[in-house]
Amino acid sequence: MRGWVKALLIVFLVLVVMLTTALVGAGWYGVSTVRASYPQLSGELRVPGLVDEVDVIRDERGIPQIYASTLEDLFFAQGYVHAQDRFWEMDVRRHITAGRLSEMFGPSQVSTDAFIRTLGWERIAEQELDLLSERSRRILDAYAAGVNAYLVGRSGRELSLEYSVLALQNPDYRPEPWKPVQSVAWLKALAWDLRGNMEDEIYRSVMSAAVGVEQTEELFPPYPFNRHQPIVTEGTVVAGVFDQNATVGGAVAGPRVAASGGMVAAMARVRAGVNALDGWLAPVGEGIGSNSWAVSGAHTASGKPLLANDPHLAPAMPSLWYQSGLHCLPPTAGAADAEPCNYDVAGWTMAGLPGVFIGHNDRVAWGFTNMGPDVTDLVLHQVTGQTYLLDGVQVPLVEREEVIRVAGGDPVTITVRSTVDGPIISDVADIDTYTAVGADAPVPAPGSMATKEVQPPRGAGYGVALRWTALQPSPTFDAFDLLNTAQNWEDFRQAATKLAVPAQNLLYADVDGHIGYQSPGVIPIRVGYDGKWPIPGWYSRYHWQGTIPFTALPSVFDPPQGWIVTANQAVIGPGYPFFLTDDWAYGSRSQRIVDRIEAVIEAGEEFTPEKMRAIQMDSWNELGAFLAPHLAQLKAPTALTEPDQLQQFQQAQQLLTDWDFTQPRDTGTNAAAAAVFNATWSQMVARMFDAAADTEIIKASGGDRYWQVIQNIWDEPRNSWWDDRTQPGIQDRDTTLQASLAAALVDLQDRQGADPAGWSWGELHQLELVNQTLGSSGIAPIEWLFNRGPYATAGGESIVNATGWTPLNGYGVDWVPSMRQVVDLNDFDNSSWVNLTGASGHAFHANYDDQVQAWLTGEQYPWAFSRSAVEKSGADRLTLLPG
C-alpha cells in the first residue's frame, strides 16, 4: 500500500512538474508573441531609402514628433512610424477600400467586397492619382516607401499580434507592399462615413409607408432658426460670390417628395445593404458629427485666439486618430539639392494617410466638423437586357468584371454594370436592399416635377444606381499639403478649394489674431427635386445641374461677435440661394456651446484653455430641461397599486425635480436623475417612434430632431405621435408619459437595484472599445486580447459631450468625441489634446489604451510643439539613418 502511495506521489510530482513547465512555456510563448511586434523606439536604425538622418522623438504616451531635412525623408519617416504602431489597421483599411476583405477573412466577406467593388473606390482613387500635383505624388511615394521599408524582413507576429490570430484561419496570408493609391482610397471610406442624408432618406421612406407622408413630415420639422442659430448668421451670394456683409433675400424651398406603401420592403433592404459596411467602417447616424469653435483674442486672457475641436465618430480600438508632428530641419550638405522642406505641423493623423488631418502648424490652426450636405441620390433605372432607358433611347450599360479572391474558397466573379448616374448597386449579390428599392420605390414621386410625366413600366423592378460626388475623381488629397503648410487665411481658403469630398466645416484661427469659417466641397445643384427620395433616371432633366461654385459657398472672417461655433447645425439661414440640405443636426449642441460662450463674455470673464476644455465636457440635456419638469408633475399610473411601487415612482419624480439636467458618469442626484430621464426617454422612443415603423431596419436616434418633435407637439396632447403603439387602443400624451416612466423604473430596478438614489447614468451608459476585426469574433479569449472596457461614461445624445446612444440598441455608447484638442494661438506649447485610446495599435503595449481614463474624465495632456518643449517631454529618441 505504501508502495502504491509512493508511486502515485512520484507520478503526481512528475505531472505537476510537466504541467508547470508547460504553463511556463506557454506563458513565455504568449508574452513573446504579444511583444514580438513592439517596435524599436530608441537608439539608431539604418533604413535604406533615406537621404539624411531623421529623428523621431516620442513622449511618454508614445506620440512621435518627426524631424527631417527633406520632404521625402519626412514622409518616408511618417510612413515608417505609422507602420511601426498601426500596420494591421492600415492593412485592413486597404482591403476594405479595395474590396479585398475576403482575401484576409474568407467567404463571409464576399458580399461586402462585391459592394465595394461595385462602387469602385480604388478604381476612382487610381484616376485621382493622375489629377494630383507633382508634390502630392512625391509625398505619397515617399510615404509608401517608408511603410515598405518597415515591412522588409518582418511578417506575421512581428508586425502585429492580430496576424498570429489570423494565421489560425488563414495561414497563407502575407501582407503585400504598400501603394500610394491605397492612401488616396482611404478618403473614399471617410467620404462614405460622412456621405450626407441617405439614412434620413431611408427613414422617411420606410416611415411614410407605415404612417403616411404627412405624419412622417412631422418627424422632420423645420430647423429651429429662432432658437438655434446657424454657423453663418449674416450674408448671401452677390454676383456669384458669398458676401458675409450682404443682406439676405428670400429663399425658395425645394419640392417635397412622398413615398408609397410599397416602400417599406424596399427601404428595409436598402438599410440592410448599407449595414454591410457598418461593421468595417463607422455606422452612420444623426449623432455622427463634431464640435468646433474658435474665440478671438478680444475674449481671451492672452489676447490671441483659442480653437477647440472634437470630432464625433464610432468608438474603435485603436482609435481612428494617431497623434504626430512633422517638422522640417534646415537641409544638410547631403540634402542641399532637395526642394526646401516647409513643414512644421502637428496634430491628428490617420494611419495610411500622409500628413496631418486636423491640428496646427507654426501660424495656423484648424478644426473640422461634418457639414453634411446632400451629395448622394438613389436613381431608378428601367433596365432591359444590357441597356437602360434615357430620354426615350435605350443606352448600353457599361460593364466590367471583378474577380474576388477568397481565402479558403474559390474565386467569385461579379459583373458590375453602370449608367450615366453611377454603378447599379441593386445588382450586388447577397445585398438585395437596392433591388427592393427598384421594386417598390414610388413613381412618379409626389411633389416632384415628374408628377405629370409618363413613367416606364416597372416590370420586375427598376435598377437602382448610386449618384455620389465621391465617385467623380477629384484631387482632394492636394488639400492636405496646402492645409498643412498654410500661412494665412488666403492660403487656408486655397486649400479648401481642393477639399471636394467629404465636405467639412472648416474652422480657422491664426497667430495674427484672426478667426474664420469656410464651407468647402463639391455640392450638387438640383432642379425640381430635393434629393429626399429615389428619383427617375429615365429623364436627363434629373441630372445634377452643375455644382455650387466655391466662391458662393458660405464663409465668414473675423465676425463682429468674436467667435464662431460649428457643431453640425445649419450652415446658414433659409435666405441662402442654394440648397445644401434640410437634414442638419437640429442645433442643441451648437446652441449650448453658443450659450456657454456668451455667458462667459456677459460675465466679463476671459477665455482660457481651461474654460474651453470645460465646455467640451458639458453634459447638459436640452430635452431634459424641457421634459423633466413635466414628468415630475405626472400622476402615478393607476396600475401602480403597491406602496413600494408608488414610493419608487415618487422618489424618481423627486430626482427629476432636483436634477440640474447634466449627465455625469459617477453617482449622486444628477447621475440618478439622468438615469431616470434617459430610461424614460428610451421607453418613449420605443413606444412612439420605433413601434410606428414596426421594423428594426430603421431606428429612431432619439436625438435633437426628436426633441424638436416633442416640443412641437407638446400642446397637442392627442396628436397621433403621442400614441403608445405597443398598447391596444390610442393613448394620449400623459398616458404614454406615465407608462414610459413606470416602465423605465422597472428597467432600472432590474439593472441597478430598487433604490432610485443609487442609480447611475454612467453605469448604464457604458463605453466598450472593440477591436475593428477580431474584437467581435465571438471567441472570448480573443476578444479579451484586443478589447477594453466597459467604462462608465458621461454625456449623451445631442449633448456637447456627445457620447451618443440609440434607444433600440440599449444604453451603450454608439459614438463618441473621438479626440479632443484645444489650441492656444498665443503659445502652441500651451495647447492640449487627448485621444480616445492611445498611440499604439499593439495590444498590451503601454500606449495601447493609456489615454482612455483622461478621455473619460475630461483631462487633456500638454501638447508640446516647439523643439525645446518636445525635447523636454521626450521619453524615447529613435534616429533613422540612411541604410
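Below is a summary of the structure that appears in this document. Keep in mind that what you see is a predicted model, and the values were worked out from it rather than measured. (Residues numbered from 1 in each chain as written. Predicted model: local features only at pLDDT ≥ 70, side-chain atom pairs only at ≥ 80, totals over all residues. Heavy atoms only, no water.)

1. Remarks on the sheet that holds strand S12 (residues 376-381)
If you trace the three strands from one edge of the open sheet to the other, you get S19-S12-S22, paired in mixed fashion. The open sheet is flanked by strand S19 (463-468) and strand S22 (535-536), the only strands paired with a single partner. When S12 meets S19, the two strands line up antiparallel, connected through six bridges. Bridge pairing in S19 places His 381 opposite Gly 463. (Pairing = 2+ DSSP bridges. Helix = DSSP H or I, 4+ residues; strand = E, 2+ residues; numbered from the N terminus.)

2. Looking at the state of the cysteines
When the sulfur atoms of two cysteines share a covalent bond, that bond is a disulfide. Per the counting criterion, the structure on display carries one disulfide. The disulfide that involves Cys 328 links it to Cys 341, with 1.9 Å between the sulfurs. As the torsion about the S-S bond is roughly -50°, the Cys 328-Cys 341 disulfide counts as left-handed. Of this pair, Cys 328 sits in strand S8 (residues 322-328) while Cys 341 sits in the loop between S8 and strand S9 (344-350); the two residues are 13 residues apart in sequence, bridging distant segments of the chain. (Disulfide = S-S within 2.5 Å.)

3. Quick word on the nonpolar core
In this structure, Trp 681, Phe 689 and Leu 880 are the most contacted members of the largest nonpolar core, which totals 206 residues. Beyond its immediate stretch of four places on either side in the chain, Leu 880 contacts Leu 45, Val 47, Leu 50, Asp 52, Glu 53, Val 54, Val 56, Ala 77 and Tyr 80. By size, the runner-up hydrophobic cluster in this structure holds 22 residues, among which are Leu 161, Leu 769, Tyr 848 and Ala 854. (Core = buried A, V, L, I, M, F, W, Y, C linked by side-chain atoms within 4.5 Å. Buried < 20%, exposed > 50% of the residue type's maximum accessible area, 1.4 Å probe, protein only. Contact = heavy atoms within 4.5 Å.)

4. Things to note about the packing of helix H18 (residues 643-658) against helix H19 (residues 669-693)
Viewed as axis vectors pointing N to C, H18 and H19 meet at an angle of 115°, and their least axial separation amounts to 9 Å. It follows that H18 is roughly perpendicular to H19 by the angle criterion. By crossing handedness, the relation of H18 to H19 is classed as left-handed. Note on element contacts: H19 touches H18 through Thr 669, Asn 670, Ala 672, Ala 673, Val 676 and Phe 677, opposite Ala 652, Leu 655, Leu 656 and Asp 658. Of the residues assigned to the contact of H18 with H19, the class counts are seven nonpolar, two polar and one charged. (Axes fitted to C-alpha atoms, helices over the stretch in contact; angles between N-to-C directions. Parallel < 35°, antiparallel > 145°, perpendicular 65-115°, else oblique. Left-handed = near helix turned anticlockwise from the far one by under 90°. Nonpolar A, V, L, I, M, F, W, Y, C, P; charged D, E, K, R; others polar.)

5. Observations concerning the pattern of salt bridges
The final tally for this structure, using the stated rule, is 36 salt bridges. Asp 91 is the salt-bridge partner of Arg 94, the closest N and O atoms lying 2.8 Å from each other. Remark: Asp 91 and Arg 94 occur in helix H2 (residues 71-98); sequence separation between them is three residues, near one turn of the helix. Classification of Arg 94 by relative accessible area gives buried; the value is 3%. The class of Asp 91 is buried, set by a relative accessible area of 0%. (Salt bridge = Lys/Arg side-chain N within 4 Å of Asp/Glu carboxyl O.)

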